[in-house]
Amino acid sequence: MRTLLADAFTDIWVAGEISGVKLATSGHYYFTLKDQEAQLRCVCYRMTARYLKFKPQDGVAVVARGRVDLYDARGEVQFVVEAIEPQGFGALQLAFEQLKNKLEAEGLFDRARKRPLPVLPERIGIVTSPTGAVIRDMIHILERRCPGRHIRLYPAQVQGETAAEQVASGVEYFSRSGWAEVVIVARGGGSLEDLWAFNEERVARAIAASRVPVISAVGHETDFTIADFVADLRAPTPSAAAELVVPTHESLLEKLMSCERTLLQAARLKIALSMRALHAAAIDRARLHRAIGRQMQRVDELDYRLREQWRDDLAVRRQRLDALAEKLGRLDIRLKFAAARRRLDACDAKAQQIVRLRLSRARGEMLPLQAHLVQLSPLKILERGYAIVQKDGQIVKTFEDAPTGSSVSIRLSTGRLQATVTEANPPTE
């Protein structure tokens, strides 16, 4: 069956409406293509889904290209999708809308997260192509409006398969290095396909995660990209971005002059109000002196009361300190150590006396026992000419204990003798 289906339906197009889309953990898409009369199960493998311009979505009418296969496990015919195009709606436009809705649901387009641009940035980072007219026009405008700015270019392709990755890397570089005060992502005009690198999710998330404010200046005024919605500010053109990021010297001087006029007016008004309040109070020098004298008298009184209170508190605290010092002297640990040492020395002397007394008594009891033991010692008998014969550590008592040829040890009063028995006879009557 698989061979027949593969031979007959190798490269075909199927039109229908997508229904029941499921994204498996493996990355495969499973869905059904149906019309009013029939339906066909479809699968789009992960390697193919990676290159689709838009992701399968319920309710979208499409034309899918692929081949018919047989799924053995369920015995079902399925359509293996290799390419897919929406009916009546461009694939790029549909992908644009899908990503826009997704990022908007995550809050990446919220105005609350938009950061204000610095008023007069010293360091400006630009991510664009180094060879196009865009970078030349921007540098010319920046130098004309406010010379002396530091500009650093991150070269990146702005069209092609690797453009999105290079643009995102440029934004991440300026965010990571912290050198730039503001970053401009720029590209000239073009078709939707030409500007597609700035509609990639990789670029949008890099701009959203940037620590530095980002200006999106992609295409012409009528061109809108995902980067425009995520950026902190959208400029209609790259040249407009250069004009927005720095003011002219004339506009700065005008703002300074306006602030100066406002400050002078506020100062005049403040002085006038103060003079009016002074005249309304009708304060003369004598009244002022009397008022100051009363306040100084009040200060002297408070100072005297404060000093009295301070002296009373100091006396009470000194009494408490003296009482604590006396109590601490009575509880001096050194006195306790001295008393304990005296008791320890007395106990030590008494213990030594008791030990000497007991040793003396024990020595008096031991001397008679020692003399008696000496009298009973076998060594005294050996001194009278006797000997002790041993064989293998045992005392020889009879002639059977040491037969002829035996080696014996003879213990004398002083020293030992080793001997061999040459004759062993029984005792005679």
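Predicted, not measured: the structure shown is a model, and the values here were computed from it.

**Student:** I keep staring at unusual backbone geometry and nothing clicks. Help me out?
**Tutor:** Glycine aside, residues mostly have negative phi angles, and peptide bonds mostly take the trans form. Positive phi outside glycine occurs at D392, with the angle close to 55 degrees. The residue D392 is located in the loop between β11 (388-391) and β12 (394-395) in this model.

**Student:** Just checking my understanding: could you explain helix α11 (residues 333-376) for this structure?
**Tutor:** Think of an α-helix as 3.6 residues a turn; residues three or four steps apart then line up on the same face. With 44 residues, α11 should cover 64 Å at 1.5 Å per step; its first-to-last C-alpha distance of 62 Å lies within 8% of that length. Of all the bends in α11, the greatest reaches close to 25 degrees and is centred on M366; the proline P368 follows between one and four positions later.

**Student:** When you look at the environment of D72 in this model, what are you seeing that I'm missing?
**Tutor:** Tracing the sequence through the fold places D72 in the loop between β4 (61-71) and β5 (76-86). Distance from D72 to I215, taken between C-alpha atoms, is 54 Å for residues 143 residues apart in sequence. Side chain to side chain, D72 and R2 meet in a polar contact 2.7 Å long.

**Student:** Would you mind going over the pattern of salt bridges with me for this structure?
**Tutor:** Opposite charge on two side chains permits them to pair, given that their charged atoms come into close proximity. Overall, the coordinates contain 22 salt bridges when judged by the stated rule. Between D11 and R65 there is a salt bridge whose closest N-O contact spans 3.4 Å. Of this pair, D11 sits in the loop between α1 (2-8) and β1 (12-23) while R65 sits in strand β4, and the two are 54 residues apart along the sequence. Here R65 falls in the partly exposed class, since its relative accessible area comes to 23%. When salt bridges with common partners are traced through the structure, they connect R2, D11, R65, R67, D69, D72 and E82 into a single cluster.

**Student:** I tried to follow the packing of helix α5 (residues 163-177) against helix α6 (residues 201-209) on my own but got confused; where do I start?
**Tutor:** When two helices pack together, their arrangement is given by the angle between the helix axes and by the axis-to-axis distance. Running from N to C, α5 and α6 point in directions that differ by 10 degrees, and their axes come no closer than 8 Å. Accordingly, the angle class assigned to the pair α5 and α6 is roughly parallel. Contacts between α5 and α6 involve A164, E165, V167, A168, S169, V171, E172 and S175 from the former and R202, V203, A206, I207 and A209 from the latter. Residues of the contact of α5 with α6, tallied by class, amount to eight nonpolar, two polar and three charged.

Calculation rules
- Sequence positions are assigned chain by chain, starting from 1 and proceeding in written order.
- It should be noted that, the model being predicted, local features are given only for residues of pLDDT at least 70 and side-chain atom pairs only at 80 or more, the latter also being counted only at that level, while totals for whole chains, interfaces and linings use all residues.
- In computing side-chain values, all of the structure's heavy atoms are included and hydrogens and water are not.
- Helix and strand definitions here come from DSSP, where helices need a minimum of 4 consecutive H or I residues and strands a minimum of 2 consecutive E residues; each element is numbered from the N-terminal end.
- Given the number of residues in a helix, its expected span is that number minus one, multiplied by 1.5 Å.
- What is called the bend at a residue is the angle between a pair of axes, fitted to the seven residues leading up to and ending at it and to the seven starting from it.
- For the purposes of these results, a polar contact is taken to be a pair of N or O atoms within 3.5 Å, where, inside protein, one atom must be able to donate a hydrogen and its partner to accept one; residues adjacent in sequence count only when each atom of the pair is a side-chain atom.
- When a carboxyl oxygen of Asp or Glu is within 4 Å of a side-chain nitrogen of Lys or Arg, the pair counts as a salt bridge.
- With a 1.4 Å probe rolled over the protein chains alone, any residue whose accessible area is under 20% of its type maximum counts as buried; one over 50% counts as exposed, and the rest are partly exposed.
- Here the axes come from fitting lines to C-alpha atoms, over the contacting stretch only for helices, and the angles between their N-to-C directions go from 0 to 180 degrees.
- Geometric relationships in this document are graded by angle, where less than 35 degrees denotes roughly parallel, more than 145 denotes roughly antiparallel, 65 to 115 denotes roughly perpendicular, and other angles denote oblique.
- We call two residues in contact whenever any of their non-hydrogen atoms come within 4.5 Å of each other.
- Residues are grouped as follows: nonpolar covers Ala, Val, Leu, Ile, Met, Phe, Trp, Tyr, Cys and Pro; charged covers Asp, Glu, Lys and Arg; every other residue, Gly included, is treated as polar.

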